[in-house]
Amino acid sequence: MIFKVYFQDLKTEVPVREKTRTIYVKGQSERDVRTKLAEKPYNIEFITRVEGAFLEYEQQNEDFTVLEIE
């Protein structure tokens, strides 16, 4: 499954909508994705599963890249 992760670059900063970034991560569940990203300094705001028409739409973006973190 592919998940879209909304995050801020640093855990120490207060979330500001204009600074929210996104990445796509392959994982088994939301918990699995959070575990994979635990070592990163990210302040995770929201994680959502991407599938079907939503995935097809996201794949049209030239910046679409799925991270496969072990």
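Small disclaimer: the values here were computed from a predicted structure and weren't measured. (Residues numbered from 1 in each chain as written. Predicted model: local features only at pLDDT ≥ 70, side-chain atom pairs only at ≥ 80, totals over all residues. Heavy atoms only, no water.)

A. Structural context of the environment of Q28. Following the sequence through the fold, Q28 ends up in the loop between β2 (21–26) and α1 (30–37). Expressed as a C-alpha distance, the spacing of Q28 and I2, which sit 26 residues apart in the sequence, is 8.3 Å. If near-sequence neighbours (up to four positions away) are discounted, Q28 is found in contact with M1 and F3. (Helix = DSSP H or I, 4+ residues; strand = E, 2+ residues; numbered from the N terminus. Contact = heavy atoms within 4.5 Å.)

B. Representation of the nonpolar core. Counting residues in each nonpolar core, the largest one holds 11 residues, listed as F3, V5, F7, I23, V25, V33, L37, Y42, I44, I47 and I69. Counting only elements with at least two residues in this core, the list comes to β1 (2–8), β2, α1 and β3 (43–50). Here the element with the most residues in this core is β1; it accounts for three residues. Discounting chain neighbours no more than four positions away, the residues touching V33 are F3, V5, V25, G27 and I47. (Core = buried A, V, L, I, M, F, W, Y, C linked by side-chain atoms within 4.5 Å. Buried < 20%, exposed > 50% of the residue type's maximum accessible area, 1.4 Å probe, protein only.)

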